[in-house]
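# Structural overview
Listed below, chain by chain, are the residues.
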Amino acid sequence: MVITERSKMKTESATNDNRCLHLGKVGWRECLLNDRRVGPTEHVSVAAEQAGMLHGIMIDLDLNIFDPGAFNAKAPQSPTEFFDDHVARWLDRSTLLRKAEARCSGNGIHVLLWLDPPIPLISASDRKLWDACIRIVQTSLPSDPDAPGLTSLTRPIGSINEKSNLEVKLLREGQPVTQDEIITFRNEMISAPFKTVHRILAGDEHQSPCPICRKDGTTLTAMDRTGMCYGSCGKVKPERLLDVFLRPRRSEGRTK
Ligand SMILES: [Zn+2]
C-alpha cells in the first residue's frame, strides 16, 4: 500500500498542460501505454502483458549507434543538428511519418506517432500483433535494432537526459494518426520494403554512387522488395540500406 501511494506521488499522466512539471527531472521517462505515466523508469514501465491501451509508437534514432562516416563530410554534432540536416527530411518524405512528433531525446531523436483514438489491446494476440506492427514501422528508419516495440518509453519534454545532461526538447509538433494510417504504412513496408525505406532515406528511386559500396560509377536502383547495385553489390536487401547508417557492432542485431 505504501509503495502504491509513493508510486502515485512520483508519477503523473502525460498531457500538454503539465509539461512544465517535468522541467529539470533527471532521467524521467514517459510511457506510451495505458495511462501514459511520467516519472522514474521503475515507476512508469509497463510489462508487455499488462499493456491495455496503446497511445503512441516510438522510433528511437540514437546518435550513439550511428556511424559518423555515414553522413559523408558532415556528421551531426548534436541531436538538433541531426534533426535539421537529416531526420526532418526523412520524415517529410512519408505521408505517415510527416505527422510524427519529434523530440530531442538528449541522445538523438525520438520520433513519436500519437494515436487518436488510442488502440485498445484486449487480448494477448492483440498485444502480439501490435508489437509486430510497431517493429515493422520502426524498420522504416535506421533505428536501434535492439529497441523494444510495444513497451518503448520516451522521455518527457523538459526533463534532463541523465547520460548526456541535455534537456529533452520538442523539435516538431506532431498530428494525431489513426490505426488505419498505421496499418496502411505497415502494409507498404511488407509489400515494398526496399522501395518504401529508400524513398524515405533518399527521396528517389536511384542513387549514384550506391550508398552501400560507394564505388564510382555505381547506381543503386530501388525495386519493391530489393535494390540492385549496378556495378558492384548486385542484389541488396532493405536491411543493408539501414545498416549504412549504423555502426557495424550494433547493426549485427538486426534480423536479416
Ligand atoms: Zn553498391
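This text gives an overview of the structure that appears in the document. Keep in mind the model is a prediction, meaning the values are calculated, not measured. (Residues numbered from 1 in each chain as written. Predicted model: local features only at pLDDT ≥ 70, side-chain atom pairs only at ≥ 80, totals over all residues. Heavy atoms only, no water.)

Scanning the protein chain for helices and strands turns up eight helices and 12 strands. Taking contacts inside the protein chain between residues at least 6 apart in sequence as the whole, the part at least 24 apart equals 64%. (Helix = DSSP H or I, 4+ residues; strand = E, 2+ residues; numbered from the N terminus. Contact = heavy atoms within 4.5 Å.)

As a further point, take the nonpolar core. Leu-61, Phe-66, Trp-90, Leu-141 and Ile-182 are the most contacted members of the largest nonpolar core, which totals 56 residues. Of all the secondary structure elements, the ones that give two or more residues to this core are β4 (53-62), α3 (79-92), β6 (108-120), α4 (124-138), α5 (179-191), α6 (193-202), β10 (219-222) and α7 (238-243). Considering every element that reaches this core, the biggest residue donor is α3, with six residues. Here this core spans two domains, since at least three of its residues come from each of domain 1 (2-191) and domain 2 (192-245). With residues up to four places along the chain from it excluded, the contact list for Trp-90 reads Leu-61, Phe-66, Phe-82, Leu-141, Pro-142, Ile-200, Leu-201 and Phe-245. (Core = buried A, V, L, I, M, F, W, Y, C linked by side-chain atoms within 4.5 Å. Buried < 20%, exposed > 50% of the residue type's maximum accessible area, 1.4 Å probe, protein only. Domains from an automatic or database assignment.)

Along strand β5 (residues 101-104), one buried face is formed by Glu-101 and Arg-103 and the opposite face, lined by Ala-102 and Cys-104, is buried too. Strand direction decides the pairing type here: β5 and β6, joined by four bridges, are antiparallel. Bridge assignment links Arg-103 to a residue of β6, and that residue is His-110. Adjacent in sequence and paired antiparallel, β5 and β6 are bridged by three residues, among which Gly-106 carries a positive phi angle near 100°. Pairing geometry for β5 and strand β8 (residues 169-172), over three bridges, is antiparallel. Each bridged residue has a counterpart across the sheet, and for Arg-103 the counterpart in β8 is Leu-170. (Pairing = 2+ DSSP bridges.)

Below, the discussion takes up the coordination of the zinc ion. Surrounding the zinc ion are the protein donor atoms Cys-210 (SG), Cys-213 (SG), Cys-229 (SG) and Cys-233 (SG), at 2.2 to 2.4 Å. Considering all four donor atoms around the zinc ion, angles at the metal cover 104 to 115° and the coordination shape is tetrahedral. When the donor residues of the zinc ion are listed from N- to C-terminus, their spacing reads C-x2-C-x15-C-x3-C. For Cys-210, a relative accessible area of 0% puts it in the buried group. (Donors = N, O, S within 2.8 Å, 3.2 Å for Na, K, Ca; no water. Tetrahedral: all angles 85-135°; square planar, octahedral: opposite > 155°, others 65-115°.)

So, about the pairing of β6. Relative to β6, β4 runs antiparallel, the two sharing nine bridges. When the bridges of β6 are listed, Asp-62 appears paired with Gly-108.

As a further point, take the sheet that holds strand β12 (residues 234-236). Strand order across the open sheet formed by four strands is β9-β10-β11-β12, with antiparallel pairing between neighbours. Unpaired on one side and paired on the other, β9 (206-207) and β12 mark the two borders of the sheet.

The tally for this structure, following the rule as stated, stands at 12 salt bridges. Arg-155 serves as the salt-bridge partner of Glu-162, at 2.8 Å between the closest nitrogen and oxygen. The class of Arg-155 is buried, set by a relative accessible area of 3%. Look at the salt bridges and you will find they share partners, linking Glu-30, Arg-36, Glu-101 and Arg-103 into a network. (Salt bridge = Lys/Arg side-chain N within 4 Å of Asp/Glu carboxyl O.)

For the rest of this paragraph, the subject is the environment of Asn-64. Take Asn-64: it is sitting in the loop between β4 and α3. For Asn-64, a relative accessible area of 48% translates into the label partly exposed. Sequence spacing of Asn-64 and Asp-144 is 80 residues, and the spatial spacing of their C-alpha atoms is 9.7 Å. Asn-64 has contacts with Asn-107 and Arg-247, leaving out every residue within four places of it along the chain.

What follows deals with the side chain of Glu-30. Mapped onto the elements, Glu-30 comes out in strand β2 (residues 29-31). Within polar-contact distance, the side chain of Glu-30 engages the side chain of Arg-36 at 3.0 Å. Polar contacts involving the side chain of Glu-30 include one to the side chain of Arg-103, which spans 3.0 Å. (Polar contact = N/O pair within 3.5 Å; in protein donor to acceptor, adjacent residues only side chain to side chain.)

In spatial order, the strands read β4-β6-β5-β8; together these four strands make up an open sheet with antiparallel pairing. Edge strands, defined here as strands with exactly one partner in the open sheet, are β4 and β8. On average, adjacent strands in this sheet sit at an angle of 30° to one another, irrespective of strand direction. Where α3 meets the sheet, its contacts fall on β4, β5, β6 and β8, and the angle it forms with β6 comes to roughly 45°. (Axes fitted to C-alpha atoms, helices over the stretch in contact; angles between N-to-C directions.)

Note on placement: Glu-162 falls in the loop between β7 (153-154) and β8. The sequence separation of Glu-162 and Asn-107 amounts to 55 residues, and the corresponding C-alpha distance is 9.9 Å. Side chain to side chain, Glu-162 and Arg-155 meet in a polar contact 2.8 Å long.

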